[in-house]
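Structural overview for review
Listed here are the chains, written in short residue letters.
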Amino acid sequence: MTFSPALEARFEKFLAKYPADRKRSALIPMLIYAQDEVGSITDELIQELARRTGTTPMQVTEVVGFYSMLQRKPMGKYHVQICTNISCLLRGGDELWEQACKKTGLGHKQVAADGSFSLEEVECMGACSWAPAMQVNYDFYHGVTPKQLDVLLDSLAAGKKPEEIAEVKKVSC
Amino acid sequence: MADPVTMTINGREIQAAPGTLVIEAARKNGIEIPSFCYYEGYSLQAACRMCLVEVEKAPKLMVACTLPVAPGMVVHTESQKVKDARKYTLEFLLTNHPLDCPVCDKGGECELQDMVFRYGAGESRFTEEKLHVQEQQWSPVVFYDGPRCILCFRCVRACNEGMGVGALGVVNRGSVSLIAPNHGDHLECDECGQCIDICPVGALTSGTYRYQTRPWEMEHTGTICTHCSNGCKTTLGVRNDKIIRGNNRDRSGINGEFLCVKGRYAFDFYDHPERLQSPMIRVNGKLEPVSWSKALKHVAEKFSEIKARNGKFGVIGSNHTTNEENFYLQKFVRQGLGSNNIDHKRTGDVVTLIDALSGTTGTLATTADLYEGKTFLILGADLAIEQPFLSFQIRASMRHHAAKVFVVTSKEVREDAYAKKSIRKAAGSEIEALEELREALAAESDLVIVFGSSVKGEAVRKLVAFGESLGKPVKYCALVDYSNSRGAVDMGLMAELHPGYHPSETPGMTLPEMLADETLDALWVINENPLEAAGLASDKAFVVVQDLFLTETAQRADVVLPSASAYEKNGTVTNVCGEIQRLQKAVTVMGTKPDLEIIGLIAKEMGLAPAMGPWVSETVYGEIRRSVKGYDIALPLVAMAAQQTAPVNGRVNVADKSALIQGAHETLFTSGTLGRYSKVLNSVIEKRAGMSLAAQEESHV
Amino acid sequence: MYNQPHPLEVKVLTRRFGLPNSRSIDTYMANDGYTGLKKALEMTPEQIVDYVKLSGLRGRGGAGFPTGLKWSFVPRTSPKPKYIMVNADESEPGTCKDRLLIENDPHQVIEGAMIAGLAINAEQGYIYIRGEYRYLIELMDKAIEEAYAKGVLGENVMGTGKRFHFATHSGAGAYECGEESALLESFEGKRGNPRIRPPFPAVAGVYQSPTILNNVETYSAVAPIFQQGAEYFCGLGSPKNGGTRLFCVSGHVERPGVYELPMGTNLLKIIHEVAGGVRGGKKLKAVIPGGSSCPVLKADECDINMDFDSLAAAKSMLGSGGIVVMDEDTCIVKAALRIMRFYAHESCGWCIPCREGTTWLRKLLQRFHDGMGTRSDIVLIGDLSKNMLGRTFCPLGDAAAMPTIAFVEKFRDEFEAHLDGKPCPKENISRLVAA
């Protein structure tokens, strides 16, 4: 299995972080960065990373199933994650989630037919004081109103980069 | 040893060695602490929380399976607090467990059932919907019913730690966690079924046993597996004279609960539709069924006639028949027929080893030594594939005693994964690697050496010399291939050796010599298939074959006598480590006779019965005790447990015939002729995939 | 900073927040950065541990274990390599402080970790950052690069000949990995199941080697302790509760935000003064004082000093500093349900009581909230929680049980209001989304 030179370089860096006989430590970081490039954790990827980390595909499969960010099926180009945990719930996380469902026509962990968006109701993402919060891929958005959500999703659908969307600012940078 | 710790459990003062876990200390004193995940011999989990106990001065209930005993510790295992904890843990467990006990194979043998019966609540407060997933078939022999699974992780550990295979894992998280096989929807593994055996509930069930019977409808017979040389005890579950199941849950025997795919499932050859159930005589070039009396008479007449004219007999004994049968056979051939032309398919150089160890004591390894030892050297053997129980023992020693393993083989083997050092050497030149290992081996306190068939003759002597030069206790095991290969050597199914390694004054023809002799008058083959791969040079030879099936050899026979398999007779067999064990008859197959009886009846027909003595297994065993060195062990002792036959201690002055030795390299999924007729062995994907690594590639005759 | 600072704040860990380029090593070093390390480099390991003890610092991850004491458990003479692990798997609902500490002052975390390294002769440290905080991983990587470039990290730490390496490690979404032994399993590339303890990480942590494992905020506090003095830090808090704490105020307040306040600051003061009071002038109903695992306080229990001991006395916990404020319109049953959904989702599945208990309670609370509960269910919710409590493998079971028990005991009337087929009185429709 081949990866982009950038990802290969990253893998090399990951593997160098841990003692030589502890390559398995690099497994989870490798999985999550590989997922970003490959789209999901495929069987082929499992085989490949098992080989590179000195584990068995069974061991990798066990790991993949444990972590909620690792997906066996590709999510959308924009994976919209809305927190409805307690702090967000108290400040409208529920309404935001419902709006996202309505807006995209998707439910929990569903992917749009064209692969553009996917939706996930997620657990606390560490933005409790700036609730309700959401993430699109790895970008954080704080204090999002249902109206802002519409604007954000429309802008992304229209091909705008997150940085270019003035109305709803991503805060993580 | 450190002084024992004194502590109190349920008001009783008990003593236990320091480091003992409370659950073990209690059990050893007859106090049962329930557990699902705790399993002797495997890593600790502390997951099921069934073994919570009250420890005075501890703020909360403690897990008895990870808590070491301490001086003055006061434990209560039956207090109300403890009982409540058990009851409510079971209540939690039952929330997602389908109560389909009436149709569950495990019903009656289920640990969850037993625990709920003992400790559980009479009613459930759970009124929500249960989780459900479909049952899956992972292999012809392994089925998984997720909802029944209580996630005790016993199966995962049996596979990872016990077998070194790691074919099972845990997927998902939380209450939707499941056990999963290594190849997505199916297993590719040893198919040993240990996972099924160890499952406390009906989550993992056996493809061959499922829905066949209720466990209490079976009768159980403890006997010895008839496949490889390791001699595992298998307890056969029999219902209506049919073997339904093989396992060894009571952990009796040398193997504890270990069984490989052959021991657990491959008894099934015994009722293969092609099983011979009537004697046959060749009439007009075709084998026709006849009565036993007619067939025996015919054999006796021909044998008597050949004997009378001083004709040439060739007799090939079996690696599977009992010691009694082998002893009786060689006695009949040597004394009755007056021939020394007797041999068997030789699979390991036991003879040279015994000779080389002459004058030493305690140098032959037992199967227990393969667990107790701290250092192991494996030469020329794919142990996990060819000697599965020995491999299991060494892995257990690795886990429990931090044993060090050194490997010298021609190809990659499973032991490489945990070996201190693995060296590749071509088959036959393994001992060249010894010097490279000298320093490492010399640093250890003891050593057990096991070697395969490629180490033979002079190499064995060099190996023993090397072992002696290390200056520490070294034990040896010459690997042989079948259930009574070792016994066949001990009982003198050898052209040059009489029972007990007494050299023959007039050595007879060896197996290949018999087949190559154009003037051979009679060939008598007992449960062996020499013509599978070789021709019979003599056209005129009268061929008598005793077998279960119409093998290539049987097809050439003039008389075919259907014999009983190991599961259909009594007697003793001797395993690879020289441990004698008892076969017990589990079933009867109509029309067949045990080989001992067949040989006896032939003798009788020839008028030689008085000289040969009764063909009663126990009587023949008595004679073995008296005349075979090392076998003077009372049968009741053998009936109780495997006994190592004391090694012959003296030179074995015979010509080196080790060139005749040819390892069969049977894999987990082959077993000579028997394997061909095992439905299970032929149904598993691993056999087709040729997973057996090195073994299958090595050509053999 | 995502919220305005408040004048009542005592800025110690956050004092560089808001400075231009606060996360750069230059800004850091221009503002006392790495002077604590310099001081520690001149101390013996024993002195460092004693100094941390003197500061009164207690673990900021949730349990509040005295940090110096924890460090003293590491067998320094062990022949094994020693490790420093920074727990940045922040995921306790109500908690969002570690994110800020890394985002605004990553070098403070590195410095704290390096001082810990000196305390046990460790030469390698890692920071396990939750996978969702991808931008923080990248940002921390940059900070680490700077520290190497400046000779702070590496083979010759600040020219002393000592060695210390530091690297980021990404998680991939699992609350359980915030539990220290589960984090270690996850770090080794395995499922994040907790380990059997003892041995504790101090003895057998990273790769079964002696390890100091603390929360981001704990390490962040170590740096100023050495920069500004242990006595100074200790004096900021209340007895036995040294220093300041980052309180994450969320929920129904006018000015939710993360505020650094002295340990022991009164909760009502935090809500009413610092956070601007209950939103829209509503009445206060309840407060979760330290993240979702902590038993809820009723409004009349909120006159309490926010330190470990005061909250323990009130049968709750200071936890991770996540103050979740609920006003009079909040449906407590719904809050209990949402929290239980979280624990059921995050239960690792290792032990029976937690795995089955949280799922049962989630289903039960969902049904109950949907108006299909019975009076006996109210008892059952408490019973099941108590049957988990103290019997699970790791603290997650307790974390699910404790708040639930408190919700039922303290707000039984709200549960009763859901009886007799009545839907949630606080809203018209209740959602049915599978966790």
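Remember, predicted model here, so these are calculated numbers, not experimental data.

Here we take up the pairing of strand 13 (residues 242–247) of chain B. All names here are of chain B. Burial runs high along strand 13: 5 of the 6 residues are buried. As paired elements, strand 12 (residues 233–239) and strand 13 share 5 bridges and run antiparallel to each other. In the strand pairing of strand 13, valine 238 is matched with isoleucine 243.

Turning next to the packing of aromatic side chains. Enumeration over the complete set of coordinates arrives at 35 aromatic pairs over all chains. When the ring of C:Tyr83 is compared with that of C:Tyr207, the centres are 5.6 Å apart and the planes differ by 80°; the resulting orientation is edge-to-face. Taken as a pair, C:Tyr83 in strand 1 (residues 83–88) and C:Tyr207 in the loop between helix 8 (180–187) and strand 4 (211–215) lie far apart in primary sequence, 124 residues in all. The residues C:Tyr83 and C:Tyr207 share a single accessibility class, namely buried. Connected via pairs of aromatic rings, a cluster forms that spans A:Tyr18, C:Tyr83, C:Tyr126, C:Phe187 and C:Tyr207. The residue whose ring lies beneath B:Arg245 is B:Tyr209, and the NZ or CZ to ring-centre distance is 4.6 Å.

For chain A, the domain assignment lists domain 1 (5–66) and domain 2 (78–164). For domain 1 of chain A and domain 2 of chain A, the distance between their C-alpha centroids amounts to 28 Å.

Listed by partner, the interface residues are 11 residues for chain B and 7 residues for chain A. With both sides pooled, the region where chain B packs onto chain A buries about 650 Å², and carbon together with sulfur makes up 57% of that total. Counting across the interface, chain B meets chain A through 0 salt bridges. Applying the counting criterion to the chain B and chain A interface returns 2 residue pairs in polar contact (both at pLDDT 80 or more). At the level of secondary structure, the elements contributing two or more residues to the side of chain B that touches chain A comprise strand 8 (168–171) and strand 9 (178–181) of chain B. Per element, the largest residue contribution to the side of chain B that touches chain A is 4 residues, and it comes from strand 8 of chain B. Residue composition of the side of chain B that touches chain A, grouped by class: 6 nonpolar, 4 polar and 1 charged.

Time to look at the interface of chain A and chain C. It is common to give the size of an interface as the accessible area that goes away when the parts come together. Counting residues at the interface gives 47 residues for chain A and 71 residues for chain C. Buried area between chain A and chain C, both sides added, is near 4,800 Å², and the carbon and sulfur share of it is 55%. Area buried by chain A at its contact with chain C is led by A:Phe66, A:Leu90 and A:Trp130, which between them contribute 14% of it. Connecting chain A to chain C are 4 salt bridges. Between A:Glu121 and C:Arg341 there is a salt bridge, with its nearest N and O atoms 3.0 Å apart.

A few words on the pattern of salt bridges. All names here are of chain B. Inspection of every chain in the model, using the stated rule, returns 82 salt bridges over all chains. Put simply, lysine 297 and glutamate 301 hold a salt bridge, and the shortest N to O gap is 3.7 Å. In this pair, lysine 297 and glutamate 301 are both assigned in helix 7 (residues 292–308), 4 residues apart and thus about one turn of the helix distant. Under the relative-accessibility criterion, lysine 297 is labelled partly exposed at 46%.

In terms of nonpolar packing, the biggest core is built from 256 residues, with B:Ile179 and C:Phe415 touching the most fellow members. Beyond its immediate chain neighbours, meaning those up to four positions away, C:Phe415 contacts C:Ile332, C:Val333, C:Ala336, C:Leu365, C:Phe368, C:Ile378, C:Ile381, C:Phe407 and C:Val408. B:Ala356, B:Ala381, B:Val408 and B:Val652 belong to the second-largest nonpolar core, a separate cluster that totals 55 residues.

Looking now at the domain arrangement of chain B. Residue and element names in this part refer to chain B. Domains assigned within chain B are domain 1 (5–93), domain 2 (100–271), domain 3 (280–345 + 489–654) and domain 4 (350–479). Just the C-alpha atoms count here: the centres of domain 3 and domain 4 sit 32 Å apart. Facing 16 residues of domain 3, the contacting portion of domain 4 comprises 19 residues. Interface of domain 3 and domain 4: buried area, both sides summed, is about 1,300 Å²; carbon and sulfur atoms make up 61% of it. Counting the surface domain 3 buries against domain 4, the share from its top three residues, Val576, Cys577 and Asn649, is 34%. Our count for the domain 3 to domain 4 interface comes out at 1 salt bridge. The residue arginine 651 makes a salt bridge to aspartate 355 at a minimum N-O spacing of 2.5 Å. Among the residues forming the side of domain 3 that touches domain 4, the class breakdown is 10 nonpolar, 4 polar and 2 charged.

This part takes up empty space enclosed by the protein. Rolled over the atoms, a probe with the dimensions of a water molecule shows which regions are left empty. Residues and elements named next belong to chain B. Within the structure shown, the criterion is met by 15 cavities of 30 Å³ or more. Size it by volume and the largest cavity reaches roughly 190 Å³. Those elements giving two or more residues to the lining of the largest cavity turn out to be helix 9 (350–356) and helix 15 (485–490). The leading source of residues in the lining of the largest cavity is helix 9, at 4 residues. Here the residues of the lining of the largest cavity sort into 9 nonpolar, 6 polar and 7 charged.

On to the environment of A:Leu89. Examined against the element boundaries, A:Leu89 turns out to sit in helix 5 (residues 86–89). For A:Leu89, a relative accessible area of 13% translates into the label buried.

A few words on the sheet that holds strand 19 (residues 404–409) of chain B. Residues and elements named next belong to chain B. Spatial ordering of the open sheet is given by 20-19-18-21-22, a layout of 5 strands whose pairing is parallel. Whereas interior strands pair on both sides, the edge strands pair on one side only; in this sheet they are strand 20 (421–424) and strand 22 (474–478). Here the strands of the sheet are splayed against their neighbours by 10° on average, with no regard to which way each runs. Looking at chain direction, strand 18 (residues 375–379) and strand 21 (residues 447–451) are connected through 4 bridges and run parallel. Paired with leucine 377 across the strands is isoleucine 449, a residue of strand 21. Sitting on the sheet, helix 13 (residues 434–442) touches strand 18, strand 19, strand 20 and strand 21, and the angle it makes with strand 18 is about 170°. Sitting on the sheet, helix 14 (residues 458–469) is in contact with strand 18, strand 21 and strand 22, with an inclination near 160° to strand 22.

For the rest of this paragraph, the subject is helix 18 (residues 595–605) of chain B. Residue and element names in this part refer to chain B. For helix 18, a buried count of 8 out of 11 residues is recorded, marking the element as mostly surrounded by other parts of the structure. Of the positions making up helix 18, those classed as buried are Asp595, Leu596, Ile598, Ile599, Gly600, Leu601, Ile602 and Ala603. Directly after helix 18, the chain includes glycine 607, whose backbone phi takes a positive value near 75°.

All names here are of chain B. The sheet contact formed by strand 1 (residues 5–9) and strand 2 (residues 12–16) spans 5 bridges and is antiparallel. From the neighbouring strand, methionine 7 faces strand 2, where its bridge partner is isoleucine 14. A loop of 2 residues connects strand 1 with strand 2, the two strands running antiparallel in sequence, and asparagine 10 in this loop sits at a positive phi of about 50°.

About the cut-offs
Residues numbered from 1 in each chain as written. Chains lettered and ligands numbered in written order. Predicted model: local features only at pLDDT ≥ 70, side-chain atom pairs only at ≥ 80, totals over all residues. Heavy atoms only, no water. Buried < 20%, exposed > 50% of the residue type's maximum accessible area, 1.4 Å probe, protein only. Helix = DSSP H or I, 4+ residues; strand = E, 2+ residues; numbered from the N terminus. Pairing = 2+ DSSP bridges. Phe/Tyr/Trp six-rings, centres within 6.5 Å; stacked < 30°, edge-to-face > 60°. Lys NZ or Arg CZ within 6 Å of the ring centre and 35° of its normal. Domains from an automatic or database assignment. Contact = heavy atoms within 4.5 Å. Buried area = accessible area lost by both parts, 1.4 Å probe. Salt bridge = Lys/Arg side-chain N within 4 Å of Asp/Glu carboxyl O. Polar contact = N/O pair within 3.5 Å; in protein donor to acceptor, adjacent residues only side chain to side chain. Nonpolar A, V, L, I, M, F, W, Y, C, P; charged D, E, K, R; others polar. Core = buried A, V, L, I, M, F, W, Y, C linked by side-chain atoms within 4.5 Å. 1 Å grid on protein atoms, 1.4 Å probe; cavity = no way out; pocket = protein on both sides within 12 Å on 5 of 7 lines; lining within 4 Å. Points joined across faces, edges and corners; volume = space filled by probe spheres on them. Axes fitted to C-alpha atoms, helices over the stretch in contact; angles between N-to-C directions.

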